[in-house]
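Geometric and topological summary
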Amino acid sequence: MENSNLLAIAAQFGSPVYVYDSAKIVSQYKRLTDAFKNVKQVKINYAVKALSNLAILKLMNSLGAGLDTVSIQEVQLGILAGVDPKNIIYTPNGVSLAEIEEVSKMGVQINIDNLSILEQFGTKHPKVPVCIRVNPHVMAGGNSKISVGHIDSKFGISIHQIPHIIRIVENTGMNINGIHMHTGSDILDIDVFLYASEILFETAKNFKNLDFIDFGSGFKVPYKEGDIETNIEEFGEKLTKRFNTFCKNYGKELILGFEPGKFLVSEAGYFLAKVNVVKQTTSTVFAGIDSGLNHLIRPMFYNSYHDIINVSNPTGRERFYSVVGYICETDTFATNRRINEINEDDILAFKNAGAYCFSMASNYNSRYRPAEVLWHANEAHLIRKAETLEDITKNQIDVGIFSKKTILT
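The structure displayed is predicted, hence computed values, not measured ones.

Structural notes on the pattern of salt bridges
Applying the stated criterion across every chain, the model contains 14 salt bridges. With its nearest N and O atoms 3.3 Å apart, the salt bridge here joins Glu229 to Arg31. Here the residue Glu229 occupies a position in the loop between strand S9 (212-214) and helix H9 (232-250), and Arg31 occupies one in helix H2 (residues 22-35), the gap between them amounting to 198 residues. For Glu229, a relative accessible area of 31% gives the class partly exposed. Relative accessible area serves as the criterion here: at 22%, Arg31 is assigned to the partly exposed category. Measuring nitrogen to oxygen at the nearest pair gives 3.7 Å for the salt bridge that ties Asp68 to Lys49.

Some remarks on the environment of Lys262
Note that Lys262 resides in helix H10 (residues 262-265). For Lys262, a relative accessible area of 9% gives the class buried. Note: C-alpha distance between Lys262 and Lys49 (213 residues apart in sequence) is 9.6 Å. One polar contact links Lys262 to Tyr223, side chain to side chain, over a distance of 3.1 Å.

Observations concerning the packing of helix H6 (residues 115-124) against helix H7 (residues 162-172)
The contact between H6 and H7 brings their axes to 9 Å, and the two run at 10 degrees. Considering the angle they form, H6 stands roughly parallel to H7. For the pair H6 and H7, the sense of crossing is right-handed. Contacts from Leu115, Leu118, Glu119, Gly122 and Thr123 in H6 reach His164, Ile165, Ile168 and Thr172 in H7. The residue makeup of the contact of H6 with H7, split by class, is 4 nonpolar, 4 polar and 1 charged.

A closer look at unusual backbone geometry
A negative phi angle characterises most non-glycine residues, just as the trans form characterises most peptide bonds. Note the cis peptide between Ser15 and Pro16, where omega equals -5 degrees. Counting through the fold element by element, Pro16 comes out in the loop between helix H1 (3-13) and strand S1 (17-21). Residue Asn303 is not a glycine yet carries a positive backbone phi of 60 degrees. Position of Asn303 relative to the elements: it lies in the loop between helix H11 (298-301) and strand S13 (308-310). Residue class for Asn303 comes out exposed when judged on its relative accessible area of 67%.

What to know about H6
Structural remark: α-helix, 3.6 residues per turn; residues separated by three or four positions point the same way. Three or more residues of H6 are buried, namely Ile117, Leu118, Phe121 and Gly122. Viewed along the axis of H6, the buried residues span an arc of 125 degrees, placing them on a single side of the element. In H6, the exposed residues that point more than 90 degrees away from the buried face are Thr123 and Lys124. Residues of H6 that are buried make contact with helix H5 (97-104), strand S5 (109-112), strand S6 (129-135), strand S7 (157-158) and H7. At the N-terminal end of H6, a side-chain oxygen is found 3.3 Å from the backbone nitrogen of Ser116, two or three residues along, and the residue is Asn114.

Thresholds applied
Residues numbered from 1 in each chain as written. Predicted model: local features only at pLDDT ≥ 70, side-chain atom pairs only at ≥ 80, totals over all residues. Heavy atoms only, no water. Salt bridge = Lys/Arg side-chain N within 4 Å of Asp/Glu carboxyl O. Helix = DSSP H or I, 4+ residues; strand = E, 2+ residues; numbered from the N terminus. Buried < 20%, exposed > 50% of the residue type's maximum accessible area, 1.4 Å probe, protein only. Polar contact = N/O pair within 3.5 Å; in protein donor to acceptor, adjacent residues only side chain to side chain. Axes fitted to C-alpha atoms, helices over the stretch in contact; angles between N-to-C directions. Parallel < 35°, antiparallel > 145°, perpendicular 65-115°, else oblique. Left-handed = near helix turned anticlockwise from the far one by under 90°. Contact = heavy atoms within 4.5 Å. Nonpolar A, V, L, I, M, F, W, Y, C, P; charged D, E, K, R; others polar. Arc of directions from axis to C-beta.

Next up, the structure:
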């Protein structure tokens, strides 16, 4: 997107505001499907948790993507967006059997990641197709909080517990139609994926009636100019050979599944914020913006990097700034970052703001969550209004039991 487009959006809808470029989402989807064009059946299930706005879910549906969901609410959002329940996979963690059963009634593909629930569900619903999420014990990911396939992870059933899985399946007579794994996010080395894939293939051999094998996702995207990323094309070529060979030996053409979130929407997103104050201290120049960790928590939570550009002054001389928020916490977005000279009322754009940004926003400090805008066919479409005080208070109840007189007496 051009700076002029971003400035126009900030002027029209106010700041802060999230903006998503639909063309980038489409190109990323095509890039991934092209990488696996030599596999007969590929299924891309978009990870709803990355960005769950209904407009984005409808866009994914129009591309032919299914949905990867982790809660009953995400399933409901997907169905509300017009997605066929058969194109939704539900992979919860630590939820009740009751929630899984409720989702199952909707006709969604169930994916179970622990032995206890697997046995309970299989005993009660042996005819319902179930996918099993295994933990391959592969340490991968750009941050410990997003590495989910290692031996101490709460996610998945350990590959060392395969005999237990088989016993449960045999005892219940349940229908296992898929095998799934997810090792983490921001994985650069494709050899990690390939190593984990061999573990998944070995696991799959234990189940004779599979329809699909799901490799999760975790592909790394670039966060700044010259940054490294997962080589999807090379990965596609190498995994395609392994997958096709496995299918031939298995005796059945299976569906190859992926669950990208960040890969599809991260680079499509921009977060626009206005500079409230430029504050010089003895050693630092702070640019304080009209936002904070309540809107974009990733830098504080994951130590993630977001490139920041001054769209109001893109050709100004570069200076060093620490970009901070207005929350009553240390909400630092960047420290001593080289940015074109910043003045008060300038608009700063945070790149890679499409994934796990708005979806992790909150009302901390009783601040409103911002608007969301979809940039599609060279036009800005408001897809979520900015919140108001009514949004914050609408579910609060005035019990009417307090007065100064009653409290003091």
